[in-house]
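Examining the three-dimensional arrangement
So you can see what is in the structure, the chains are spelled out below.
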Amino acid sequence: MYRRLLLSLQSATLRLDTWINRVLPQDFNPLYYTGGLSNLFLTILVVSGILIFLYYEPSLEGAYASVEFLTRDVPYGVVFRGIHRYAADAYLVAILLHLFRNWFTDRYREARDSQWLSGMFLLVVSGFAGFTGYLLVWDERSQLLTSLTVQALRSVPLVGDRLARVFLGGPGVSDTTLPRFLFLHVGPAMTLYVLLWWHYVRLRHPKIWPPSVWVLFSLGLLFILASALPATSGRPAQPGASPEGFAVDWFFLWPYVLARWLAPGWALALVVALVAYGMVVPYTLRETPEQRGVRALGQAVVVEENCTGCELCYYDCPYNAIYMVPSPYPGKSRAAANRKLLAVVVDSRCVECGICIGACPFEALELPRMLDKDVQQRIQRGARAAAPVGS
Amino acid sequence: MATVPDRTPQAEEAAPRVVGFLCDWAVRSEGLLSADDTLVGMPHVTVIRVPCSGFVKPGWLELALRSGAAGAFVCGCPMGDCLNREGNWIMEDRIDQLRKRLSRQKVDPERVAFFAFGLHEREDFLRAVAEFVDRVRGSGGKR
Ligand code: SF4
Ligand code: SF4
């Protein structure tokens, strides 16, 4: 059932691609660059964030005023603020597209689970940084979000009070609160780069940047949005006041929208449950290769006699599954006799794609269940009818 | 290094033999091939399914030409959508290099080709193969 659902989602995703490819050249299909686009928006966020940081004053009295100053009096301040705001939304859209695309097209499990897991962490940390961004303005919305969050944290059994303390930087909202929020915004943003390292470490040549057409288009769109619909603050936060409603930003604040109907503690529990489910997704479908409809050809095997240590397979394997080690003994073939290095396949990373086989010019790699000699036979059988004159 | 032979005139008149490699993840393959690995409706085109277009050794394409095929092709997924992220880009590069090598050997480089078609693009794939067959019938057979 679940399996069937995933299969039809895969089919639908690829159908969508077909349509997009009719309109755009294949290599400009934005859905092929969701990861690169996320990275682009993250970079925009960092750059615009640094500019805003130069003007921001993390204190109860000064925060709101400093943001207003940036918006009203600093040349183009309103544009930068708007760009930071809309790039955050675009970033979230891009990573969600990235997540769903890779889920639906079956690119999340087995040898790719480390990308999936790091991706879940990236999602959580990004969401958190986005949320703390709303606190920094310190308007009524920030105040309401803060009090909801504190309620939610306090309702966590055992450690609740401490969590709330860590969040506020003290027992209640005080002078240390906004510096703490600032840290909770910038700190996670930096953590993203550590997580990105994890996200990329198993990939050779990760596509981390979209085609320049999309870079220009995204930048242009952000500039237009930021100028046409400037980001604004609500009314300044009043000590002791308890504001009710605010214009919600669904993307980042959906748990708070839920908090309208759910106790904040339950909304928090729901978020935790969703993330926990996300973490186990790659391990939910236990299927044999036959059930998945793929041929299990076996992991790549190095034919040690023939390997010359030329490193071509090492450069082409998309999963960094091949390591070059100092050759322990000389090879048998003439080309391999003087080798310095030997290729070794790390089984747990190999997805049986065979790309290394196409790379090896020395017949030193094989997929165990689709051997070179069998393929050669089939080629010759296919080409046989028009028997050549010579050779 | 063995050279790629000219095709016989008799073979030239018949439908030219073509050997292709098709990625498991590209065009949907149910009912695409007959029992002897040839394309349904195009018995002169043999298709070998591979786990990724990047699996194909350029040497195999040469072998196909050397063994008498008029042309050889590889079909992977749309560029940018390789399941293994890179297979089709790598293969496209390899075919470019192979073409250069073939021209140095005075073999028409148009006799090898790379296609990129997704799950739902079977019709386009078949059309591309048919065009390719026409093309190699015209030029490839003579050399
Ligand atoms: S088959 Fe080769 S290229 Fe593919 S993952 Fe395994 S070692 Fe890497
Ligand atoms: S490409 Fe072949 S010969 Fe070169 S290092 Fe890899 S296995 Fe060895």
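Residues numbered from 1 in each chain as written. Chains lettered and ligands numbered in written order. Predicted model: local features only at pLDDT ≥ 70, side-chain atom pairs only at ≥ 80, totals over all residues. Heavy atoms only, no water.

Observations regarding the overall build of chain B
The criterion, for reference: Secondary structure elements are defined from DSSP: runs of H or I of at least 4 residues count as helices, runs of E of at least 2 residues count as strands, and each element is numbered from the N terminus. Each residue's exposure class comes from its accessible area (1.4 Å probe, protein chains only) as a fraction of the maximum for that residue type: buried when under 20%, exposed when over 50%, partly exposed otherwise. The protein chains shown are the only cover counted for residues, whose accessible areas, like all others here, come from Shrake-Rupley with a 1.4 Å probe.
If you tally the helices and strands in chain B, you get 4 helices and 5 strands. Listing the helices and strands of chain B from first to last along the sequence gives α-β-β-β-α-β-α-β-α. Of all 143 residues assigned to chain B, the portion counted as buried reaches 63%. Only carbon and sulfur atoms are counted for the fraction: they give 51% of the accessible area of chain B, which is about 5400 Å².

Details of the overall build of chain A
Selection rule: The globule rule is 2.2 Å times the number of residues to the power 0.38, and the radius of gyration it is compared with is taken over C-alpha atoms. Any two residues having at least one pair of non-hydrogen atoms within 4.5 Å are treated as being in contact. We count Lys and Arg on the positive side and Asp and Glu on the negative side, and we leave His and both chain ends out. Think of each charge as sitting on NZ of Lys, CZ of Arg, CG of Asp or CD of Glu.
Along chain A, the regular secondary structure elements total 15 helices and 4 strands. For 391 residues, the compact-globule estimate of 2.2 N^0.38 gives 21 Å, and the C-alpha radius of gyration of chain A, at 27 Å, exceeds that figure by more than 25%. Expressed as lengths along the three principal axes of its C-alpha atoms, the size of chain A is roughly 90 × 50 × 45 Å. For chain A, buried positions account for 47% of its 391 residues. In chain A, of all internal contacts separated by at least 6 residues, the share reaching a separation of at least 24 is 75%. For chain A, the accessible area works out to roughly 20400 Å², and carbon and sulfur atoms hold 66% of it. Side-chain charges in chain A split into 34 positive and 28 negative, and the spacing between the mean points of these groups amounts to 6 Å.

With respect to the site of ligand 1
Inclusion rule: One heavy atom within 4 Å of a molecule or strand is enough for the residue carrying it to be called near that molecule or strand. Each residue is assigned to one class: nonpolar for Ala, Val, Leu, Ile, Met, Phe, Trp, Tyr, Cys and Pro, charged for Asp, Glu, Lys and Arg, and polar for all the others, Gly among them.
Every one of the 13 residues lining ligand 1 counts as a neighbour, but A:Cys317, A:Cys350, A:Cys353, A:Gly354 and A:Cys356 are closest to it. Looking at the shell around ligand 1, its residues break down into 11 nonpolar, 1 polar and 1 charged.

Focus on the interface of chain B and chain A
Threshold: Buried area: the sum, over both parts, of the accessible surface (1.4 Å probe) that disappears when the two are put together. Should a side-chain nitrogen of Lys or Arg be within 4 Å of a carboxyl oxygen of Asp or Glu, the pair is scored as a salt bridge. Here a polar contact is recorded for every N or O atom pair within 3.5 Å, except that within protein the pair must consist of a potential hydrogen donor and a potential acceptor, and residues adjacent in sequence are included only if both atoms are side-chain atoms.
Taken together, the contact pairs 47 residues of chain B with 51 residues of chain A. Summed over the three residues of chain B that lose the most area to chain A, namely B:Phe55, B:Arg85 and B:His120, the buried surface amounts to 17% of that side. The shortest N-O distance in the salt bridge between B:Asp81 and A:Arg107 comes to 3.2 Å. Connecting chain B to chain A are 16 residue pairs in polar contact (both at pLDDT 80 or more). Per-element accounting of the side of chain B that touches chain A gives the leading share, 5 residues, to helix H2 (residues 58-66) of chain B. Residues that form the side of chain B that touches chain A fall into these classes: 24 nonpolar, 9 polar and 14 charged.

Things to note about the packing of aromatic side chains
Put simply, the test is: Only the six-membered ring of Trp is used, alongside the rings of Phe and Tyr, when aromatic pairs are assigned; centres must lie within 6.5 Å, and planes under 30 degrees apart are stacked while those over 60 apart are edge-to-face, with the rest tilted.
Summed over the entire model, instances satisfying the criterion amount to 21 aromatic pairs over all chains. On the basis of an interplanar angle of 65° and a centroid distance of 6.1 Å, the ring pair of A:Trp103 and A:Trp116 is categorised as edge-to-face. Of this pair, A:Trp103 sits in helix H4 (residues 77-104) while A:Trp116 sits in helix H5 (residues 113-136), and the two are 13 residues apart along the sequence. Residue A:Trp116 is classed as buried on the basis of its relative accessible area, which comes to 8%. Residues B:Phe21 and B:Trp60 carry aromatic rings whose centres are separated by 6.0 Å and whose planes lie at 20° to one another, so their mutual orientation is stacked. Here B:Trp60 lies in helix H2 and B:Phe21 lies in strand E1 (residues 18-23), a separation of 39 residues in the sequence. No difference in accessibility class separates B:Phe21 from B:Trp60, as the two residues are buried. The structure contains a cluster of three or more aromatic residues connected by ring pairs, namely A:Phe100, A:Trp103, A:Phe104, A:Tyr108 and A:Trp116.

A look at the site of ligand 2
Taken together, A:Cys307, A:Thr308, A:Gly309, A:Cys310, A:Glu311, A:Cys313, A:Met324, A:Ala343, A:Cys360, A:Phe362, A:Ala364 and A:Leu365 make up the full set of residues adjacent to ligand 2. Here the shell around ligand 2 is built from residues that sort into 9 nonpolar, 2 polar and 1 charged.

Details of the sheet that holds strand E2 (residues 38-39) of chain B
Hydrogen bonds along the backbone pair up the strands of a sheet, which may run parallel or antiparallel. Residue and element names in this part refer to chain B. The line we're drawing: The pairing criterion is simple: DSSP has to find at least two bridges between the two strands. Where helices are involved, their axes are fitted lines through C-alpha atoms of the stretch in contact, as for all axes, and angles between N-to-C directions lie from 0 to 180°.
Taken in spatial order, the 5 strands of this open sheet run E2-E3-E1-E4-E5, and their pairing is mixed. Looking at which strands have only one partner, the edges of the open sheet turn out to be E2 and strand E5 (112-116). Of the strands in this sheet, E1, strand E4 (71-76) and E5 are in contact with H2, which crosses E4 at around 150°. This element, helix H3 (residues 87-104), spans E4 and E5 of the sheet and lies at about 165° to E5.

Description of the nonpolar core
Threshold: Put simply, a nonpolar core is a bunch of buried Ala, Val, Leu, Ile, Met, Phe, Trp, Tyr and Cys residues held in one set by side-chain atoms that sit within 4.5 Å of each other.
Ranked by size, the top nonpolar core spans 51 residues in total, and within it A:Phe41, A:Phe167 and A:Phe181 carry the most contacts. For this core, the leading source of residues is H4(A), giving 10 residues. Other than its neighbours up to four places away in sequence, A:Phe167 contacts A:Phe131, A:Leu135, A:Thr146, A:Thr149, A:Val150, A:Leu153, A:Arg180, A:Phe181 and A:Leu184. Listed in part, the 47 residues of the second largest apolar core include A:Leu367, A:Met370, B:Ala72 and B:Val107.

Structural notes on the environment of B:Glu121
In this fold, B:Glu121 is placed in the loop between E5 and helix H4 (122-138). Between the C-alpha atom of B:Glu121 and that of B:Pro43, which follows or precedes it by 78 residues, the distance is 21 Å. With residues up to four places along the chain from it excluded, the contact list for B:Glu121 reads A:Thr18 and B:Pro78.

Digging into a nonpolar patch on the surface
All names here are of chain A. For the record, the criterion: Like charges are joined within 9 Å and nonpolar side chains (Val, Leu, Ile, Met, Phe, Trp, Tyr) within 5 Å, but only among residues with over 30% relative accessible area and no salt bridge; these make up the patches.
A grouping of Val-46, Val-47, Ile-50, Leu-51, Phe-53, Leu-54, Tyr-55, Phe-69, Val-186, Met-190 and Tyr-193 is seen on the molecular surface, where their side chains present a nonpolar patch of about 1000 Å² in accessible area. The element that contributes the greatest number of residues to the nonpolar patch is helix H2 (residues 34-55), accounting for 7 residues. Here Met-190 shows up in helix H8 (residues 177-201). On the basis of relative accessible area, Met-190 is assigned to the exposed category, the value being 56%.

Details of the domain arrangement of chain A
All names here are of chain A. This is how the line gets drawn: Note that domain bounds follow an automatic or database assignment of domains.
The domain boundaries assigned to chain A delineate domain 1 (30-283) and domain 2 (298-370). Once you take the C-alpha centre of each, domain 1 and domain 2 turn out to be 44 Å apart. Counting residues at the interface gives 7 residues for domain 1 and 10 residues for domain 2. Around 780 Å² of area is buried between domain 1 and domain 2 when both sides are counted, 41% of it from carbon and sulfur atoms. Sorting the residues of domain 1 by area buried against domain 2 places Ala-111, Arg-202 and Arg-204 first, and these three jointly supply 75% of that buried surface.

Details of the environment of A:Thr132
All names here are of chain A. For Thr-132, the location among the structural elements is in helix H5. The buried category is assigned to Thr-132, whose relative accessible area is 0%. Distance from Thr-132 to Phe-181, taken between C-alpha atoms, is 6.4 Å for residues 49 residues apart in sequence. Those residues in contact with Thr-132, other than ones at most four positions away along the chain, are Phe-181, Leu-184 and His-185. Here the side chain of Thr-132 touches Ala-129 through a polar contact of 3.0 Å, landing on its backbone oxygen.

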